[in-house]
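Here's the letter readout for the chains.
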Amino acid sequence: NAGVTQTPKFQVLKTGQSMTLQCAQDMNHEYMSWYRQDPGMGLRLIHYSVGAGITDQGEVPNGYNVSRSTTEDFPLRLLSAAPSQTSVYFCASSLESSGNTIYFGEGSWLTVV
Amino acid sequence: SQQGEEDPQALSIQEGENATMNCSYKTSINNLQWYRQNSGRGLVHLILIRSNEREKHSGRLRVTLDTSKKSSSLLITASRAADTASYFCATPRGSARQLTFGSGTQLTVLP
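Per-chain numbering applies: the sequence of each chain, read as written, is numbered from 1 onward. Both sets of labels track the order of writing: A upward for chains, 1 upward for ligands. Where totals are concerned, whole chains, interfaces and linings use all residues; where local detail is concerned, this predicted model gives features only for residues with pLDDT of at least 70, and gives and counts side-chain atom pairs only at 80 or more. As a convention, hydrogens and water are excluded, and side-chain values are obtained from all of the structure's heavy atoms.

1. Focus: the overall build of chain B
Strands are runs of DSSP state E lasting at least two residues, helices are runs of H or I lasting at least four, and both sets are numbered from the N terminus onward. Across its full length, chain B holds zero helices and 11 strands. The N-to-C order of helical and strand elements in chain B reads β-β-β-β-β-β-β-β-β-β-β. Dimensions of chain B along its principal axes, counting C-alpha atoms only, are 45 × 30 × 20 Å. Residues counted as buried form 47% of the 111 residues belonging to chain B. Throughout, a residue-residue contact means that at least one pair of heavy atoms, one from each residue, lies within 4.5 Å. Considering only contacts in chain B between residues 6 or more positions apart, those separated by 24 or more positions represent 54%. Exposure is judged per residue with a 1.4 Å probe applied to protein chains only, and the accessible area is read against the type maximum: over 50% gives exposed, under 20% gives buried, and values in between give partly exposed.

Okay, here's the thing in structure tokens:
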């Protein structure tokens with residue numbers, strides 16, 4: 001198993017550009033989520049999905065869209081990038097969030113200039 | 001708002017010493033998890049302790065949970081340079097399908 005795979009690893013965007021961070025898992029996990037990590041802030045939940053076709057907002061959803069057309073994939077879209085979205089983004093998956101191990105991707109470093 | 005808060009924010013010790021990190025949280029939980037993050041990498045699950053457990057061991061890791069004080073501690077015994085990383089506690093949030101992470105403790109183990 002490859003686990004949770006995120007692409008790209010690094011990306012520089014100009015303000016106003018859009019892009020998609022890709023996330024795929026091969027563990028047949030129902031639950032997938034996106035977090036952002038900023039210095040001194042820990043991880044904050046952006047969006048999550050409990051299964052194909054189902055998504056919901058987390059703590060900091062503004063400026064991001066997600067979709068879950070398949071169990072394996074959970075892309076995160078930045079609609080119009082802003083400097084405040086400069087961060088490290090982590091995708092994660094699990095069988096269920098509470099009480100089970102969450103598996104994280106290696107992160108995507110995004111800089112918006 | 002963050003549910004879990006780690007203390008201290010940074011800890012520097014010599015190899016072979018024990019490292020203790022604490023986590024405080026605000027609301028009732030049914031479990032608490034600890035994760036490690038090496039620099040530039042994703043988070044790795046270390047251990048989960050349930051609300052009806054007071055202590056749990058995994059190798060050189062010892063986790064305690066005091067639900068009356070809403071606090072948990074992570075003890076790493078006989079630390080190694082490879083233990084240098086950030087350590088986060090995480091607690092269920094909302095419908096319990098989400099986790100809330102603290103801001104982490106940066107542990108440096110000096111050789």
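From this point, the discussion proceeds with the structure in view.
2. Notes on the interface of chain B and chain A
At the interface, 24 residues of chain B touch 24 residues of chain A. For the pairing of chain B and chain A, the buried interface totals around 1900 Å² over both sides, and the portion due to carbon and sulfur atoms is 49%. The salt bridge definition used is simple: a Lys or Arg side-chain nitrogen within 4 Å of an Asp or Glu carboxyl oxygen. For the interface between chain B and chain A, the tally reads one salt bridge. Any N or O atom pair separated by 3.5 Å or less is treated as a polar contact, with the protein-specific requirement of one donor-capable and one acceptor-capable atom, and with residues adjacent in sequence counted only for side-chain atom pairs. At the surface where chain B touches chain A, the tally comes to four residue pairs in polar contact (both at pLDDT 80 or more). Elements supplying a minimum of two residues to the side of chain B that touches chain A: strand E4 (31–37), strand E5 (43–50), strand E9 (85–93) and strand E10 (98–101) of chain B. Put simply, Ala, Val, Leu, Ile, Met, Phe, Trp, Tyr, Cys and Pro go in the nonpolar bin, Asp, Glu, Lys and Arg in the charged bin, and everything else, Gly too, in the polar bin. Residues of the side of chain B that touches chain A, tallied by class, amount to eight nonpolar, 12 polar and four charged. Joining two parts hides part of their accessible area as seen by a 1.4 Å probe, and the buried area is that hidden amount summed over both.

3. Focus on the packing of aromatic side chains
Each aromatic pair joins two rings of Phe, Tyr and Trp (for Trp, the six-membered one) with centres within 6.5 Å, and gets the label stacked for planes under 30 degrees apart, edge-to-face for over 60, and tilted for any other angle. Taken as a whole and assessed by the stated rule, the structure comprises nine aromatic pairs over all chains. Ring geometry for phenylalanine 10 of chain A and tryptophan 109 of chain A: centres 5.7 Å apart, planes at 40 degrees, overall tilted. Pair noted here: phenylalanine 10 of chain A is in strand E2 (residues 10–13) and tryptophan 109 of chain A is in strand E11 (residues 108–112), with a separation of 99 residues, a long-range link. With a relative accessible area of 58%, phenylalanine 10 of chain A lands in the exposed category. Overall, tryptophan 109 of chain A belongs to the partly exposed group, its relative accessible area being 26%. An aromatic cluster is defined as three or more aromatic residues linked by ring pairs; in this entry it consists of Tyr35 and Phe104 of chain A together with Tyr35 and Phe101 of chain B. Taking the ring centre of phenylalanine 74 of chain A as reference, the NZ or CZ of arginine 68 of chain A above it sits at 6.0 Å. Counting as a charge over the ring demands two things of the Lys NZ or Arg CZ atom: a distance within 6 Å of the ring centre and an angle within 35 degrees of the ring normal.

4. Brief notes about the nonpolar core
Soluble globular proteins: nonpolar side chains tend toward being buried together. By size, the foremost hydrophobic cluster in this structure holds 22 residues, and its most contacted members are Leu32, Trp34, Leu74, Ile76, Tyr87 and Leu107 of chain B. Elements with a minimum of two residues in this core: strand E2 (10–14), strand E3 (19–24), E4, E5, strand E7 (61–66), strand E8 (71–76), E9 and strand E11 (105–110) of chain B. Leave out the neighbours within four places in its chain, and leucine 74 of chain B touches Ala19, Thr20, Met21, Trp34, Leu46, Leu61, Arg62, Val63 and Tyr87 of chain B. By nonpolar core we mean a set of buried residues, namely Ala, Val, Leu, Ile, Met, Phe, Trp, Tyr and Cys, connected to one another through side-chain atoms within 4.5 Å. Of all hydrophobic cores here, the second largest spans 19 residues; its members include Leu21, Met27, Cys91 and Leu110 of chain A.

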